[in-house]
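Inside the fold
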Amino acid sequence: NSAMANGVEDAATIVSFNTLAYSKSVNCQKEFTYATQLEKNIVPVLLEDEKSFQGTWLGNAISSMEKVNMKNEGQLDSSFDILLQRIEQALEQEVD
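Model, not experiment: these values are computed from the prediction. (Residues numbered from 1 in each chain as written. Predicted model: local features only at pLDDT ≥ 70, side-chain atom pairs only at ≥ 80, totals over all residues. Heavy atoms only, no water.)

1. Here we look at the sheet that holds strand β3 (residues 68–69)
Where we set the bar: Pairing between two strands is assigned when DSSP locates at least 2 bridges connecting them. Secondary structure counts use DSSP, requiring at least four H or I residues in a row for a helix and at least two E residues in a row for a strand, with both numbered from the N terminus.
On the basis of which strands lie adjacent, the open sheet formed by three strands has the order β1-β2-β3 and parallel pairing. The open sheet is flanked by β1 (13–18) and β3, the only strands paired with a single partner. Summarising the sheet, β1 and strand β2 (residues 41–46) pair through six bridges and their orientation is parallel. The residue of β2 that forms the bridge with Val15 is Val43.

Rendered as structure tokens:
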């Protein structure tokens, strides 16, 4: 899909909102894999327990990445701040 490829190519960072459904999506896997091949900065955001997609392509792909945990609604504000910081860092690296 050229639209997906163009979006990944033009992105400073990729934010993946990780769920079991995401791990089962062929298109999500293609997009994530392409971003990895292009060595894009990927910020994995956990919306569900990581154990639910452990052992899948997604679980393997993000196992060594620093994740943003948004599973706990009580910590959404601080998690959102962390996500914004990670995106800002990626944008700064893109400019350098």
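2. Some thoughts on unusual backbone geometry
Phi at Glu39 takes a positive value of approximately 60°, unusual for a residue other than glycine. Of note, Glu39 is situated in the loop between α3 (26–37) and β2.

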